[in-house]
Amino acid sequence: RSKGNEDLADGISKLSGMMRYMIYESNEENVPLKKEIEYLENCILLNKLRYADDEVKVVFNYPAQTEGILIAPMLFIPFVENAFKHGVLIGHTSEIYIAIAVTGQQLLFRCENAAYEVKKMDEKSGIGLENVKRRLALVYHGKHSLEIRNADGKFWVDLKIDLE
């Protein structure tokens, strides 16, 4: 902060909090939805630091009240990371839309972004989505649906989880 870069100082502080969350809380079976939302907000803030202000616009909608709602940790982050990785093009204005909603006993998560030409994948790429699919099958067996679509220059992820 003393060097005059408030955004960088804030980003480093957010990264520190994210690392603590990953180390201490991501091993829990369930975490409060509020903590997952805070983690996603920090992830968005850090990713936006990589781009010029006009290169990426992120809309993140979520419920104000999340008390008592528990969720398996780190389920949404691969989708958000992929949105930045594949949905932002330097020199262009890109938009990412993320939403979490809770209706009754069902949680709805949506992430959508432009589908720019996918960068060449190396051997380590693509494991995030496969890991999420496996975790969903283990933790929410028979209580979730995941739809991933890539069409008309858009990429969407719709995840529904029964919370009961």
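You'll find the structure just up there.
Residues numbered from 1 in each chain as written. Predicted model: local features only at pLDDT ≥ 70, side-chain atom pairs only at ≥ 80, totals over all residues. Heavy atoms only, no water.

Things to note about the overall build of the protein chain
Link 1 in the chain: Counting its secondary structure elements, the protein chain contains four helices and seven strands.
Link 2 in the chain: Ordered by position from N to C terminus, the α and β elements of the protein chain give α-β-α-β-β-α-β-β-α-β-β.
Link 3 in the chain: By residue count, 35% of the 164 residues in the protein chain fall in the buried class.
Link 4 in the chain: Contacts in the protein chain between residues far apart in sequence, at least 24 positions, make up 70% of those at least 6 positions apart.
Link 5 in the chain: Carbon together with sulfur atoms contributes 51% to the accessible area of the protein chain, which is approximately 10200 Å² in total. (Helix = DSSP H or I, 4+ residues; strand = E, 2+ residues; numbered from the N terminus. Buried < 20%, exposed > 50% of the residue type's maximum accessible area, 1.4 Å probe, protein only. Contact = heavy atoms within 4.5 Å. Areas by Shrake-Rupley, 256 points an atom, 1.4 Å probe, with all protein chains shown as cover.)

Observations regarding the sheet that holds strand β2 (residues 56–61)
Link 1 in the chain: One open sheet holds the five strands; their spatial order is β2-β4-β5-β7-β6, and the pairing between them is mixed. Strands with a single pairing partner mark the edges of an open sheet, and in this sheet they are β2 and β6 (144–151). Direction aside, the axes of adjacent strands within the sheet are offset by 5 degrees on average.
Link 2 in the chain: Here β2 pairs with strand β4 (residues 94–103) via six bridges, running parallel. Looking at β4, one finds that Val-56 is bridged to Ser-94.
Link 3 in the chain: Of the strands in this sheet, β2, β4 and β5 (106–114) are in contact with helix α2 (residues 33–48), which crosses β2 at around 175 degrees.
Link 4 in the chain: This element, helix α3 (residues 77–87), spans β2, β4, β5, β6 and β7 (154–162) of the sheet and lies at about 10 degrees to β5. (Pairing = 2+ DSSP bridges. Axes fitted to C-alpha atoms, helices over the stretch in contact; angles between N-to-C directions.)

Topic: unusual backbone geometry
Link 1 in the chain: Residues other than glycine seldom take positive phi values, yet Met-74 does so here, at roughly 65 degrees.
Link 2 in the chain: Residue placement: Met-74 occurs in the loop between β3 (70–71) and α3.
Link 3 in the chain: Residue Asp-152 is not a glycine yet carries a positive backbone phi of 55 degrees.
Link 4 in the chain: Tracing the backbone shows Asp-152 in the loop between β6 and β7.
Link 5 in the chain: Of the residues examined, Asp-152 reaches a relative accessible area of 80% and is grouped as exposed.

Looking at the nonpolar core
Link 1 in the chain: Counting 35 residues, the largest nonpolar core has Ile-71, Phe-76, Phe-84, Ile-96, Ile-98, Ile-100 and Phe-109 as the members making the most contacts within it.
Link 2 in the chain: Residues within four places of Phe-84 in sequence aside, it is in contact with Ile-44, Asn-47, Lys-48, Tyr-51, Val-56, Val-58 and Ile-96. (Core = buried A, V, L, I, M, F, W, Y, C linked by side-chain atoms within 4.5 Å.)

Details of the layout of surface pockets
Any empty space left between atoms is shown by rolling a water-sized probe over those atoms.
Link 1 in the chain: In this structure, the second largest pocket occupies an estimated 150 Å³ of space.
Link 2 in the chain: Taken together, Asp-7, Leu-45, Lys-48, Leu-49, Tyr-51, Ala-52, Asp-53 and Val-56 form the lining of the second largest pocket. (1 Å grid on protein atoms, 1.4 Å probe; cavity = no way out; pocket = protein on both sides within 12 Å on 5 of 7 lines; lining within 4 Å. Points joined across faces, edges and corners; volume = space filled by probe spheres on them.)

Quick look at the environment of Phe-84
Link 1 in the chain: With respect to the helices and strands, Phe-84 occurs in helix α3.
Link 2 in the chain: Of the residues examined, Phe-84 reaches a relative accessible area of 1% and is grouped as buried.
Link 3 in the chain: For the pair Phe-84 and Val-56, spaced 28 residues apart in sequence, the C-alpha separation works out to 8.8 Å.

Some points on the pattern of salt bridges
Link 1 in the chain: Per the counting criterion, the structure on display carries five salt bridges.
Link 2 in the chain: Residues Arg-149 and Asp-158 are paired through a salt bridge, measuring 3.2 Å at the closest nitrogen-oxygen approach.
Link 3 in the chain: Residue Asp-158 is classed as buried on the basis of its relative accessible area of 15%.
Link 4 in the chain: In the salt-bridge network here, residues are joined through shared partners; they are Arg-110, Glu-112, Glu-147, Arg-149 and Asp-158. (Salt bridge = Lys/Arg side-chain N within 4 Å of Asp/Glu carboxyl O.)

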